[in-house]
Amino acid sequence: MGKESDLYVPALDACRFLGAWAFRVNAGVFGARHIRSVPVGTPDILGCLRGRLFGIELKAPKGKLSEGQVSWHAQAQRAGALIVMARSVDDVVKGLREG
């Protein structure tokens, strides 16, 4: 898969197959009004598996985390959340199973 957007549906399917409650986060700015719906750095997918909050950051093969993402992930991990950076569906499954 070459683009992050190609991963959304298969990643959500994998989460649900593993028994997670998960949803896509529509992060960013919408329309001309520049309304931000979630904090900067929020992962692409949020969910809960076996009582633990998780975030999945989807990245293209050469994609890198932004400063906002690094900060959000660190804060969430300090609070006990599992954060997975995934470039493939296999990364999603492995991250959730091993987390």
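Residues numbered from 1 in each chain as written. Predicted model: local features only at pLDDT ≥ 70, side-chain atom pairs only at ≥ 80, totals over all residues. Heavy atoms only, no water.

1. Some thoughts on the side chain of glutamine 69
Tracing the sequence through the fold places glutamine 69 in helix α2 (residues 67-78). Within the structure, the side chain of glutamine 69 is placed 3.2 Å from the side chain of lysine 59, a separation counted as a polar contact. Of note is the side chain of glutamine 69, whose polar atom sits 2.7 Å from the backbone nitrogen of serine 66. Beyond its immediate sequence surroundings of up to four residues, glutamine 69 is in contact with Gly41, Glu57, Lys59 and Lys64. (Helix = DSSP H or I, 4+ residues; strand = E, 2+ residues; numbered from the N terminus. Polar contact = N/O pair within 3.5 Å; in protein donor to acceptor, adjacent residues only side chain to side chain. Contact = heavy atoms within 4.5 Å.)

2. Things to note about the sheet that holds strand β6 (residues 82-86)
Here we have 4 strands laid out as an open sheet, ordered β1-β4-β5-β6, and mixed in their pairing. The sheet is open, and its two edges are formed by β1 (21-24) and β6, each paired on a single side. In this sheet, neighbouring strand axes are inclined to one another by 20° on average, regardless of whether the strands run parallel or antiparallel. Both strand β5 (residues 52-58) and β6 contribute to a ladder of 5 bridges, which runs parallel. Across the sheet, the residue bridging to phenylalanine 54 is leucine 82, located in β6. Along the sheet face, helix α1 (residues 8-17) touches β1, β4 (45-49) and β5 and points at about 170° away from the line of β1. (Pairing = 2+ DSSP bridges. Axes fitted to C-alpha atoms, helices over the stretch in contact; angles between N-to-C directions.)

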